[in-house]
Amino acid sequence: MILNDKEIREYISRGWLIVSSSEVFDDSLIGPNSVDLRVNGKIIRLRNSDSVFSLDRSVDTSEYFHREERDEFVINPREHLLLSSVEYLRLPMDVMGFVLLKSTYARLGLSIPPTIVNAGSEGELTIELIGGPFPVRIRKGDRIVQIVFIKLSSPAQKPYDGKYQNQRGPTLPRL
């Protein structure tokens, strides 16, 4: 069952679902059946490289990734960025989320890979954004993605407790 706006507000008011930021939560982020997530100004650009990134050894990530913090930035054609949400989320054991690109940004040719937020997850979300056919300017605070919450038929027996739990800011792969 997908949570509607009334149910999302109830989950938040009861503390079952946390959607917070350093600012006051803006109720206008809640749509009919989703919550918009805003981009903070921290990004990581994935660099083109001919060097093989090996998951089984220590790697100097500066060859592959470049961190920036800005009030606005441009995503170039076919470029890959890691962004993070302003909002900090904590999902209960019986709710998971699907993160989807807002349609305005999809119509500009941008895309994100399928992103699932598991029951029990907590932290700011790291989202990969992939550039389209032309450069697009993104501003801190833009509502680029939305999360749809799905109530599970029963609480997860093994909720998420992985290496990205409690992440803050865009997070590089943890090896």
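Keep in mind the model is a prediction, meaning the values are calculated, not measured.

About the criteria used
Residues numbered from 1 in each chain as written. Predicted model: local features only at pLDDT ≥ 70, side-chain atom pairs only at ≥ 80, totals over all residues. Heavy atoms only, no water. Core = buried A, V, L, I, M, F, W, Y, C linked by side-chain atoms within 4.5 Å. Buried < 20%, exposed > 50% of the residue type's maximum accessible area, 1.4 Å probe, protein only. Helix = DSSP H or I, 4+ residues; strand = E, 2+ residues; numbered from the N terminus. Patch = residues over 30% accessible without salt bridge, like charges linked within 9 Å, V, L, I, M, F, W, Y side chains within 5 Å. Areas by Shrake-Rupley, 256 points an atom, 1.4 Å probe, with all protein chains shown as cover. Salt bridge = Lys/Arg side-chain N within 4 Å of Asp/Glu carboxyl O. 1 Å grid on protein atoms, 1.4 Å probe; cavity = no way out; pocket = protein on both sides within 12 Å on 5 of 7 lines; lining within 4 Å. Points joined across faces, edges and corners; volume = space filled by probe spheres on them. Phe/Tyr/Trp six-rings, centres within 6.5 Å; stacked < 30°, edge-to-face > 60°.

1. Structural notes on the nonpolar core
Okay, step 1: One finds Val 35, Ile 147 and Phe 149 to be the most contacted residues of the largest nonpolar core, which totals 33 residues.
Okay, step 2: Elements that contribute at least two residues to this core include exactly α1 (5-13), β2 (35-46), β4 (72-75), β5 (80-90), β6 (95-101), β8 (122-130), β9 (136-139) and β10 (143-151).
Okay, step 3: Counting residues in each nonpolar core, the second largest holds six residues, with Ile 44, Val 59, Leu 82 and Leu 172 among its members.

2. Some points on a nonpolar patch on the surface
Okay, step 1: A surface patch of nonpolar side chains, amounting to about 270 Å² of accessible area, comprises Phe 98, Leu 100 and Ile 116.
Okay, step 2: For Leu 100, the location among the structural elements is in strand β6.

3. Some words on the layout of surface pockets
Okay, step 1: Its volume calculated, the largest pocket comes out at about 550 Å³.
Okay, step 2: The wall of the largest pocket is formed by 26 residues, among which Thr 115, Ile 116, Thr 126, Tyr 164 and Gln 167 lie closest to the centre.
Okay, step 3: Listed by contribution, the elements that provide at least two residues to the lining of the largest pocket are β5, β7 (115-117) and β8.
Okay, step 4: Looking at which element gives the most residues to the lining of the largest pocket, the answer is β8, with seven residues.

4. Overview of the packing of aromatic side chains
Okay, step 1: For the structure shown, the criterion picks out three aromatic pairs.
Okay, step 2: Ring plane angle 75° and centroid distance 4.9 Å describe the contact between Phe 53 and Tyr 64, whose orientation is recorded as edge-to-face. Here Phe 53 is found in the loop between β2 and β3 (65-69), whereas its partner Tyr 64 is found in the loop between β2 and β3, with 11 residues between them in sequence.
Okay, step 3: Take Phe 53: its relative accessible area is 25%, and that puts it in the partly exposed class.
Okay, step 4: Residue Tyr 64 is classed as buried on the basis of its relative accessible area of 8%.
Okay, step 5: Pairing Phe 53 with Phe 65 gives two aromatic rings, centres 6.2 Å apart and planes at 85°, and the pair type is edge-to-face. Here Phe 65 lies in strand β3 and Phe 53 lies in the loop between β2 and β3, a separation of 12 residues in the sequence.
Okay, step 6: Phe 65 gets classed as buried once you look at its relative accessible area, which sits at 13%.

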